[in-house]
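What the coordinates show
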Amino acid sequence: MKKTILYLLSLTLVINTILGGCVYNPNKNDGFLSVLNKNETILQAFYWEMGEADYPEEEKNLWCLLVQKAPELSEVGFTAVWLPPANKAMGGKRDVGYATYDLWDLGEFNQKGTVRTKYGTKEELENAITALHNDGIKVYYDAILNHRMGADSTETVKLSLNSPDKPGQTILAWTKFTFPGRKNKYSDFQWNWQCFDGVDWDEKTKTSGKFLFEGKSWDYTFIWDDDYLMGADVDYENLEVQEDVTNWGNWIINEIGFDGFRLDAVKHIDSRFINQFINDVQKSSSKDFFLWEKHGLKI
Ligand SMILES: [Ca+2]
Ligand SMILES: [Ca+2]
Ligand SMILES: [Ca+2]
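Right, let's walk through the structure included here. (Residues numbered from 1 in each chain as written. Chains lettered and ligands numbered in written order. Predicted model: local features only at pLDDT ≥ 70, side-chain atom pairs only at ≥ 80, totals over all residues. Heavy atoms only, no water.)

Remarks on the overall build of the protein chain
From N to C terminus, the protein chain includes 6 helices and 15 strands. Expressed as a percentage of the 299 residues in the protein chain, the buried residues total 55%. Relative to all contacts within the protein chain whose residues are 6 or more apart in sequence, the contacts with residues 24 or more apart total 68%. When the accessible surface of the protein chain is split by element, carbon and sulfur atoms take 50% of a total near 13300 Å². (Helix = DSSP H or I, 4+ residues; strand = E, 2+ residues; numbered from the N terminus. Buried < 20%, exposed > 50% of the residue type's maximum accessible area, 1.4 Å probe, protein only. Contact = heavy atoms within 4.5 Å. Areas by Shrake-Rupley, 256 points an atom, 1.4 Å probe, with all protein chains shown as cover.)

See below:
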């Protein structure tokens, strides 16, 4: 067996037992957790490392590597791969992908100083999905929906009297996302402070805190008052936000070809929206798509 495959195997998250109780199948009428077929095995096809200096040469282009390795992955028994967040993130091509900037940019537009993401271009990603499917392997998207980072510009925003920090004061928040490189392709929705509940940074005074915007309230989460995690926290009570993110989910499954999602930080996202997102995306597709959250899906 080749060295690279051994290396990938060493990174494998074999979830037969780990995830036994954490899988949600929206097609099940009972709505309860279902258990994976015991022969299903997911490969976590990436690891967390910032920068490029220490990345092995052959793994600098993950999407291309997966095209090459698809037959071997199938041969050794993997039935699915968990890919890293494939969208453009704040740190451009050095970003592992969790600092979501633009969900609609899968390495296609010159944004954040690069067209490609850390893992390659959109075309290379689509080639990887095709190759993996051809070898009978399903492909899951690591969806980072809780927050946005790397806004294109700031806005002056008044804080709620209920804000944990600086109640009633005004801050300068990084909340304006216009995606100038994408030029409204796929979606013409542009984000401003009203798409968020709050942020953790005041650019005016260069201070950090937990800032809740005026007229906003933290979303309803599984654990009370657990909405805020980091960055510009998305307001899933905003109907336009709901529509754009749901459209994106439909696109990822039906146009790009993914077979499911790993939902990042789902306990920090409005539970009502997550339920609706799952149901809407499932309704849009004939696939029985797959969902999980690393620490247990709480919906
Ligand atoms: Ca809210
Ligand atoms: Ca949140
Ligand atoms: Ca929120």
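Quick look at the coordination of the calcium ion (ligand 1)
At this site the calcium ion (ligand 1) is bound by D197 (OD), D197 (OD), S217 (O), D219 (OD), D235 (OD) and E237 (OE), with donor distances of 2.2 to 2.8 Å. Metal-centred angles of 49 to 167° between the 6 donor atoms at the calcium ion (ligand 1) mark the site as irregular. In the primary structure, the donors to the calcium ion (ligand 1) are separated according to the pattern D-x19-S-x1-D-x15-D-x1-E. The distance between the calcium ion (ligand 1) and the calcium ion (ligand 3) is 4.7 Å, with D197 acting as a donor to both metals. Within this pair, whereas D219 is found in the loop between β12 (207-212) and β13 (232-234), its partner D235 is found in the loop between β13 and α5 (239-256), the two being separated by 16 residues in sequence. Each of the two residues, D219 as well as D235, counts as buried. (Donors = N, O, S within 2.8 Å, 3.2 Å for Na, K, Ca; no water. Tetrahedral: all angles 85-135°; square planar, octahedral: opposite > 155°, others 65-115°.)

Describing helix α3 (residues 62-75)
Taking 1.5 Å of rise per residue, 14 residues should cover 20 Å, and α3 covers 19 Å from first to last C-alpha, within 8% of that figure. Helix geometry: α3 is bent most strongly at K69, by close to 55°, with proline P71 lying one to four residues after it. Of all the residues in α3, the buried ones are L62, W63, L65, L66, K69, A70 and L73. Positioned one or two residues after α3, G77 has a phi angle of 110°, which is positive. (Expected span 1.5 Å × (residues − 1). Bend = angle between axes of the 7 residues up to and from the residue.)

Considering the environment of Y98
With respect to the helices and strands, the residue Y98 is situated in the loop between β5 (88-89) and β6 (100-102). Assessed through its relative accessible area of 12%, Y98 is described here as buried. The sequence separation of Y98 and I144 amounts to 46 residues, and the corresponding C-alpha distance is 6.2 Å. Apart from residues lying up to four places away in sequence, Y98 is in contact with F46, W48, P85, D142, I144, H147, R262 and D264.

Concerning the packing of aromatic side chains
Counting across every chain of the model gives 22 aromatic pairs. Relative to Y186, the ring of W104 lies with its centre 6.3 Å away and its plane at 20°, an arrangement referred to as stacked. Here W104 is found in the loop between β6 and α4 (122-134), whereas its partner Y186 is found in the loop between β10 (170-176) and β11 (196-202), with 82 residues between them in sequence. Their ring planes at 80° and their centres at 5.2 Å tell us that Y141 and W248 sit as a pair that is edge-to-face. With a gap of 107 residues between them, Y141 in strand β7 (residues 138-143) and W248 in helix α5 connect regions that are remote in the sequence. The exposure class assigned to Y141 is buried, which follows from its relative accessible area of 0%. Pairwise contacts between aromatic rings join Y141, Y236, W248, F258, F261, F273 and F277 into one cluster. Across from the ring centre of W191, 4.1 Å away, lies the NZ or CZ of R148, which sits over that ring. Residue placement shows K210 over the ring face of W218; its charged tip is 5.4 Å from the ring centre. (Phe/Tyr/Trp six-rings, centres within 6.5 Å; stacked < 30°, edge-to-face > 60°. Lys NZ or Arg CZ within 6 Å of the ring centre and 35° of its normal.)

Remarks on the coordination of the calcium ion (ligand 3)
Metal coordination angles have textbook ideals: 109.5 degrees for a tetrahedral set of four donors and 90 or 180 degrees for an octahedral set of six. Protein-derived ligands of the calcium ion (ligand 3) are D197 (OD), D219 (OD), D227 (OD), D227 (OD), D233 (OD) and V234 (O), with the metal-ligand distances lying across 2.2 to 2.9 Å. For the calcium ion (ligand 3), the 6 donor atoms are set out with angles of 48 to 174° between them, so the coordination reads as irregular. Counting the intervening residues between successive donors of the calcium ion (ligand 3) yields the motif D-x21-D-x7-D-x5-D-V. For V234, a relative accessible area of 0% translates into the label buried.

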